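An overview of the molecular structure
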Amino acid sequence: DPVEVNVKLAERARRLYENTDYALVGSAVIGGGIFEQPARTMGLPNFLMALVSEPAFADRLMDKITDIYIESCNNYLDHVGQYIHVFTFWDDVAGQNGWLIKPEMYRKMIKPKQRRLVDAIKKKTNAKLFYHSCGATRDLIPDLIDLGFDILNPVQVSAKGMDTGKLKQ
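Residues numbered from 1 in each chain as written. Predicted model: local features only at pLDDT ≥ 70, side-chain atom pairs only at ≥ 80, totals over all residues. Heavy atoms only, no water.

What follows deals with the state of the cysteines. Taken as a whole and assessed by the stated rule, the structure comprises zero disulfides. Here C73 stays unpaired: no disulfide links it, and the sulfur of C134, its closest cysteine neighbor, is 20 Å away. Assessed through its relative accessible area of 0%, C73 is described here as buried. Using a relative accessible area of 30% as the deciding quantity, one classes C134 as partly exposed. (Disulfide = S-S within 2.5 Å. Buried < 20%, exposed > 50% of the residue type's maximum accessible area, 1.4 Å probe, protein only.)

Looking now at unusual backbone geometry. In this structure, P154 follows N153 across a cis peptide bond, with omega equal to -10 degrees. If you trace the backbone, P154 turns up in the loop between strand 6 (151-153) and helix 7 (164-168). (Helix = DSSP H or I, 4+ residues; strand = E, 2+ residues; numbered from the N terminus.)

This next bit is on the pairing of strand 5 (residues 128-132). Here five bridges tie strand 2 (residues 86-90) to strand 5, and the two strands are oriented parallel to one another. Within strand 5, the residue paired with W90 across the bridge is H132. In terms of strand pairing, strand 5 meets strand 6 through three bridges, oriented parallel. Each residue of the ladder has a partner; that of F130, found in strand 6, is I151. A crossover connection joins strand 5 to the parallel strand 6 through helix 6 (residues 141-147); in handedness this β-α-β unit is right-handed. (Pairing = 2+ DSSP bridges. Right-handed = clockwise from strand over helix to strand, strands pointing away.)

Moving on to the packing of aromatic side chains. Applying the stated criterion across every chain yields a total of seven aromatic pairs. Their ring planes at 55 degrees and their centres at 6.4 Å tell us that Y76 and F87 sit as a pair that is tilted. One end of the pair, Y76, is in helix 4 (residues 55-80); the other, F87, is in strand 2, with 11 residues separating them in the sequence. Measuring from centroid to centroid gives 5.9 Å for F89 and Y131, while their planes differ by 55 degrees, and the two rings are tilted. Highlighted residues: F89 in strand 2 and Y131 in strand 5, separated in sequence by 42 residues. (Phe/Tyr/Trp six-rings, centres within 6.5 Å; stacked < 30°, edge-to-face > 60°.)

Right, here's the structure in full:
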């Protein structure tokens, strides 16, 4: 029974919250992000082609995924949002050498959906927002700050431009 599961989840989160000095981390999104999930579903080459050759289809697909994620986050955070300190989200939009798509395409097609998701999450919790993307994410950082993310993971120092000294500056 989903209701019983959610009640048990909320009770467990409350007990942990009241009995630990550690930060509680939660996530309701399963299977990747707004860019990553369609890439997994269709295959990365097919999804990249759809972004260029069938942008309306790619946009609708990402909108539906965003709607599903918002519904999942709302349900999860209704039960544990008051108890968690960090909420995680992931969306690998970078590779070892930089963006997997043009930054302009990210800002036009993906970032607005990420904003919808972040806004929905922030309505349900005061947790810090944690963003995971592998690769060379240096140029993505201003967008993540603009969206309201507090934490970037990982800082993949082997990727292009991910010098820790420069990132710290």
